[in-house]
Amino acid sequence: MAYILALDQGTTSSRAILFNHDGAVIEVAQREFEQIFPKAGWVEHRPEEIWSSQISVAVEALGKGSLRPRDIAAVGITNQRETTIVWDRETGQPVYNAIVWQDRRTAGFCDRLKADGCESMIQQRTGLLIDAYFSGSKIAWILENVPGARERANAGKLAFGTVDSWLVWKLTSGKKHLTDASNASRTLLYNIHTGKWDEEILRLFNIPVSLLPEVRASSELYGEISTSLGLEQVLLGGIAGDQQAALFGQTCVVPGLTKNTYGTGCFMLQNTGEKAVASRNRLLTTVAWKIGERTEYALEGSVFIGGAVVQWLRDGLRLIRSAAEIEALAASVPDNGGVYLVPAFAGLGAPHWDPYARGVLVGITRGTTAAHLARAALESIAYQVADLLDAMHADAGIQLAELRVDGGAAMNNLLMQFQADLLGVPVVRPAVTETTALGAAYLAGLAVGFWKTPQEVAAQWQVERRFDPQMSASQVRQLREQWDRALGRARNWEGRQDA
């Protein structure tokens, strides 16, 4: 059994990646699936399409490598986090579409919880802020708005899961209803200090505990795949939410090591070891992973719209035909020409947490071109990441030595150089940038002895390119002041007009 198969279920596509013992990518298969926008601020997926796309790419990857189930030592799962699915325990049929992490429909519900004075208690127990981003309010919405869902849930007939739980349920033909500690810690319902679902918070959200999955470690044997789709009897051995998996894949296994993933959103995580650092700057304290009885934590900052701003230029404005074109277009001008884009299309994430912010484009003149807009879009990603790092430094007090990067937009050299300039620290891109899937593979491999220790996998990490800061401190200060002015225009756009 020479390979590990990682199932990487993302926001816009499902992927399957085969890794060998050196952590090298052997085969990749990928399939996009439909994004559903029923109303402004609502984002949904079809759970059955998530499943069909994921299992089809898994079989495709094995086929590309001419491999059979007996060649696979274990399967690891990593997934878009917070996305919420509720299904019938008997039929396995979802009661509603998956409500995606980007969805803002429950912002009003979250406002009421804050007004009732619940935020301090919830943050202390879960490490999270009250926000529509997390699963808890999405579950509550389904139970309140889907006909019959409340009664069926109270009768123990329904199951909730984040996407990892849904995939495990399907892979085991409904025998296993479980999640790992990293995904549980993103629901707003899990006490990260006790390692249990919090009964008081469940009562507050009016969610029966029978709905919830069993919480397991991130690296352990969960069972065998029982579907007859080309993976039968392969062991399931690792689960982690996509950003925690990327932290592990970047081998940030020592406190202080930090990574940023440039995906649909941007996610910066800093390993804080066995200490759950409480944030004073509106960051999140999250479970990084649990291996054996040892739980490790991370500070996290989340940007809702990262690489998705490039998709918007491609699909919404049609300024580019493919995402890869943006670097050349942006590089065709020496700077942004005074143009700033705040891509608050789904509100602002950390450290602002403004669900009522909306996107703004400022500084346009008659001289503004498509190239300036492309550059402003790329730079908006880097500015948001810089805001995260400022908050993280204030919380943990750790002076960053380097930022390890991954995700699709991390391949954009112009963006990575601008990021290094803004941060004033080197940005380091690893040789294997599929770090989310690699982290899931490492966790699964550790569970079956494919790799022996986290230190063994850490030794495999290699640098592909390093971007050193080149911009003067005064220029950086001026640029960030302009960005802050643009942020001010975006804030609270959909909120109180007098705010």
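Throughout what follows, the structure given in this document is the object of discussion. (Residues numbered from 1 in each chain as written. Predicted model: local features only at pLDDT ≥ 70, side-chain atom pairs only at ≥ 80, totals over all residues. Heavy atoms only, no water.)

Brief notes about the pattern of salt bridges
- Inspection of the entire model under this criterion finds 29 salt bridges.
- The shortest N-O distance in the salt bridge between E434 and R15 comes to 2.5 Å. Residue E434 is located in the loop between β22 (427-430) and α14 (435-448), and its partner R15 is located in strand β2 (residues 13-19); the two are separated by 419 residues in the primary sequence.
- Taking relative accessible area as the criterion, R15 reaches 15% and is therefore assigned buried.
- With a shortest N-O distance of 2.6 Å, R429 and E464 are connected by a salt bridge. (Salt bridge = Lys/Arg side-chain N within 4 Å of Asp/Glu carboxyl O. Helix = DSSP H or I, 4+ residues; strand = E, 2+ residues; numbered from the N terminus. Buried < 20%, exposed > 50% of the residue type's maximum accessible area, 1.4 Å probe, protein only.)

Remarks on helix α16 (residues 473-490)
- Relative to the 26 Å expected for 18 residues at 1.5 Å per residue, α16 spans 26 Å between its end C-alpha atoms, a close match to the ideal helical length.
- Within α16 the residues assigned to the buried category are V476, L479, R480, W483, A486, L487 and A490. Buried residues in α16, looked at end-on, bunch into an arc of 115°, giving them a common side. Exposed side of α16, more than 90 degrees from the buried face: R477 and Q478 are the residues found there.
- One or two steps after α16, the chain reaches N492, where phi turns positive at roughly 55°. (Expected span 1.5 Å × (residues − 1). Arc of directions from axis to C-beta.)

Let's talk about the packing of helix α1 (residues 47-64) against helix α6 (residues 163-171)
- Two elements in contact, α1 and α6, have axes separated by 11 Å at closest approach and are oriented at 65°. With respect to α6, the element α1 is oriented roughly perpendicular. As α1 runs across α6, the sense of the crossing is right-handed. Taking contact as the criterion, the partners of P47, E48, I50, W51, Q54 and I55 in α1 are, on α6, V163, W166, L167, K170 and L171.
- Of the residues belonging to the contact of α1 with α6, the class tally is eight nonpolar, one polar and two charged. (Axes fitted to C-alpha atoms, helices over the stretch in contact; angles between N-to-C directions. Parallel < 35°, antiparallel > 145°, perpendicular 65-115°, else oblique. Left-handed = near helix turned anticlockwise from the far one by under 90°. Contact = heavy atoms within 4.5 Å. Nonpolar A, V, L, I, M, F, W, Y, C, P; charged D, E, K, R; others polar.)

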